Amino acid sequence: MLKGRSLLTWLDYTPEEIRYLLDLSKKIKAQRGALQRFSGKTLALLFEKRSTRTRCAFETAFGEEGGHPVFLSTDDIQLGAKESIEDTARVLGRMFNAIQFRGFKQSTVQTLAEYSGVPVYNGLTDDFHPTQALADMLTIEESCGSITGKHLVFIGDGRNNVARSLVVIGSKLGVHTTIITPPSLNPDPALLAQCKAFALLSGSRLTVSADTAAVSGADAVYTDVWASMGEEAKKAQRASLLKPYQVNSHLMEQTGRADTIFLHCLPAIRGEEVSAEIIDGPQSRVWDEAENRKHTIKALMLATLGLDNQ
Ligand code: CP
Ligand code: NVA
């Protein structure tokens, strides 16, 4: 069904396709790497930015089923220094079955997909982090039951890659999605308008608010670092802007529910966007969420390489 497709952003996928990947992820998680479906396949892993979870999820998911992942830091390869993205894409497409890219510009991952002729996966850009959002949906579904009609609140930097990805996937899948952020960090209006149309189709609500009271009734509260990779210079300014938006026990109490779960894509900075009592407490699902990166990424690779029926 998804053979040959890239994943650059969930904007390109139908709700049915995303649902298919979620169900496949559950099946794969139960199999626990017992098969060898990537045998004889190769995967290029291009990184301009640091990574623990994304790199390890791709490497272990592919490697444990017989595939050969190759890690390529942009400190070591010609991309961006002596060679254009187009030429690098053409060469990698002749040698690899698929390519993962993590870096700055969304246009780089788009160009790789356009010129390589193989599936390309966005492992995080400044704009989107789609593989993270799929793992997040799986984690909510495992903890709270069917995600349709659930209420997800993202609180923090509302214009970052994680928030933007949650808005897209949530509005497509019928998840009531609320972004709580100061107005200066609102997600961009064009993306919101697009996602409001998806929400209308899926029967969900998409809300942006500066008021922490909007956390009321949440099934899941999600946050991320206040300054993303590449924004280190803005760290102090963000910290003063986002201090009132820290996820702590007072904020979690404002949900009015004891069973609200806490999510974070990680890495986390305790004492900034989240207090230790919450991330290390009973409501936290962050370790399940991190593990789910691997199962969802494996599902994505199996489906796009046409190996999902094996
Ligand atoms: N959540 C996430 O993408 O983590 P890494 O930056 O460690 O890959
Ligand atoms: N928004 C964060 C996510 C890290 C996984 C960043 O881009 O640094």
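Structure: see above.
Residues numbered from 1 in each chain as written. Chains lettered and ligands numbered in written order. Predicted model: local features only at pLDDT ≥ 70, side-chain atom pairs only at ≥ 80, totals over all residues. Heavy atoms only, no water.

Colleague: Residues and numbers for the overall build of the chain, please.
Modeller: For the chain, the count of helices and strands is 11 helices and nine strands. Taken against the 2.2 N^0.38 rule, which gives 19 Å for 310 residues, the C-alpha radius of gyration of the chain at 19 Å falls within 12% of a compact globule. C-alpha extents for the chain along the principal axes are approximately 55 × 40 × 35 Å. The buried share of the chain, taken over its 310 residues, is 56%. Taking the contacts inside the chain whose residues are at least 6 apart along the sequence as the reference set, 76% of them involve residues at least 24 apart. If you sum the accessible surface of the chain, you get close to 12,500 Å²; carbon and sulfur atoms cover 52% of it. Distance between charge centroids for the chain: 3 Å, based on 34 positive and 36 negative side chains. (Helix = DSSP H or I, 4+ residues; strand = E, 2+ residues; numbered from the N terminus. Rg over C-alpha atoms; globule rule 2.2 N^0.38 Å. Buried < 20%, exposed > 50% of the residue type's maximum accessible area, 1.4 Å probe, protein only. Contact = heavy atoms within 4.5 Å. Areas by Shrake-Rupley, 256 points an atom, 1.4 Å probe, with all protein chains shown as cover. Lys, Arg positive; Asp, Glu negative; His and termini not counted. Charge placed at Lys NZ, Arg CZ, Asp CG, Glu CD.)

Colleague: Quick one: what's the story with the packing of helix α5 (residues 130-144) against helix α11 (residues 286-304), residue by residue and with numbers?
Modeller: Here α5 crosses α11 at 115°, and the two axes come no closer than 8 Å. Crossing of α5 over α11 shows right-handed handedness. Note on element contacts: α11 touches α5 through Asp288, Glu289, Asn292, Arg293, Thr296, Ile297 and Leu300, opposite Thr131, Gln132, Leu134, Ala135, Asp136, Leu138, Thr139 and Glu142. Of the residues assigned to the contact of α5 with α11, the class counts are five nonpolar, five polar and five charged. (Axes fitted to C-alpha atoms, helices over the stretch in contact; angles between N-to-C directions. Left-handed = near helix turned anticlockwise from the far one by under 90°. Nonpolar A, V, L, I, M, F, W, Y, C, P; charged D, E, K, R; others polar.)

Colleague: Run through the nonpolar core, naming residues and quoting values.
Modeller: Within the largest apolar cluster, 56 residues are counted, with the highest numbers of intra-cluster contacts made by Trp10, Met137 and Met301. Methionine 137 has contacts with Leu22, Ile147, Leu152, Leu166, Ile169, Leu173 and Val175, leaving out every residue within four places of it along the chain. Counting 19 residues, the second-largest nonpolar core is a separate cluster that includes Ile155, Ile278, Ile279 and Val286. (Core = buried A, V, L, I, M, F, W, Y, C linked by side-chain atoms within 4.5 Å.)

Colleague: How would you summarise the sheet that holds strand β8 (residues 220-223) if you had to cite specific residues and measurements?
Modeller: Pairing between the strands of a sheet is mediated by backbone hydrogen bonds and can be parallel or antiparallel. Pairing in this open sheet of five strands is parallel, and the strands run β7-β6-β5-β8-β9 from one edge to the other. Bordering the open sheet on either side are β7 (206-209) and β9 (261-264), each of which pairs with just one other strand. When strand polarity is set aside, the average angle formed by the axes of neighbouring strands in this sheet is 20°. Direction of pairing for strand β5 (residues 151-155) relative to strand β6 (residues 176-180): parallel, over a ladder of five bridges. Bridge pairing in β6 places valine 153 opposite threonine 178. Against the sheet, α11 engages β8 and β9, with an angle of about 50° to β9. (Pairing = 2+ DSSP bridges.)

Colleague: Could you give an account of the site of ligand 2, naming the residues involved and the relevant values?
Modeller: Every residue close to ligand 2 is listed here: Leu124, His129, Asn160, Asn161, Asp224, Val225, Ser228, Met229 and Leu266. Contact distances for ligand 2 include 2.8 Å between a nitrogen atom and a side-chain N or O atom of asparagine 161. In the environment of ligand 2, an oxygen atom lies 2.8 Å from a nitrogen or oxygen atom belonging to the backbone of methionine 229. Expressed as a share of its isolated accessible area of 270 Å², the protein-covered part of ligand 2 is 95%. (Near = heavy atom within 4 Å. Polar contact = N/O pair within 3.5 Å; in protein donor to acceptor, adjacent residues only side chain to side chain.)

Colleague: Describe in detail the site of ligand 1, supporting the description with residues and values.
Modeller: Residues in close proximity to ligand 1 include Ser51, Thr52, Arg53, Thr54, Arg102, His129, Gln132, Cys265, Leu266 and Arg293, which together make up its full environment. Within the contact set of ligand 1, an oxygen atom lies 2.8 Å away from a side-chain nitrogen or oxygen of arginine 102. Separating a nitrogen atom of ligand 1 from a backbone N or O atom of leucine 266 is a distance of 2.9 Å. Against a free-state accessible area of 260 Å², the protein chains account for coverage of 95% of ligand 1.

Colleague: I'd love a proper account of the packing of aromatic side chains, names of residues and values included.
Modeller: Evaluation of the coordinates by the stated rule reveals five aromatic pairs. Relative to phenylalanine 71, the ring of phenylalanine 47 lies with its centre 5.4 Å away and its plane at 35°, an arrangement referred to as tilted. Of this pair, phenylalanine 47 sits in strand β1 (residues 42-47) while phenylalanine 71 sits in strand β2 (residues 68-73), placing them 24 residues apart in sequence. Looking at phenylalanine 47, the relative accessible area reads 4%, which means it is buried. (Phe/Tyr/Trp six-rings, centres within 6.5 Å; stacked < 30°, edge-to-face > 60°.)

Colleague: Any chance you could break down the sheet that holds β1 for me, citing the residues and the numbers?
Modeller: With parallel pairing, the four strands of this open sheet are ordered in space as β2-β1-β3-β4. The open sheet terminates on both sides in strands that have one partner only, identified here as β2 and β4 (120-122). The average undirected angle you get between the axes of adjacent strands in this sheet is 20°. Relative to β4, strand β3 (residues 98-102) is paired through three bridges, and the arrangement is parallel. Each residue of the ladder has a partner; that of isoleucine 99, found in β4, is valine 120.

Colleague: Requested: an account of the side chain of lysine 298, with residues and values cited.
Modeller: Note on placement: lysine 298 falls in helix α11. In this structure the side chain of lysine 298 is engaged in a polar contact, spanning 2.6 Å, whose partner is the side chain of glutamate 64. Setting aside residues up to four positions removed in sequence, lysine 298 forms contacts with Ile28, Gly33, Arg37, Phe38, Ala61, Glu64 and Glu65.

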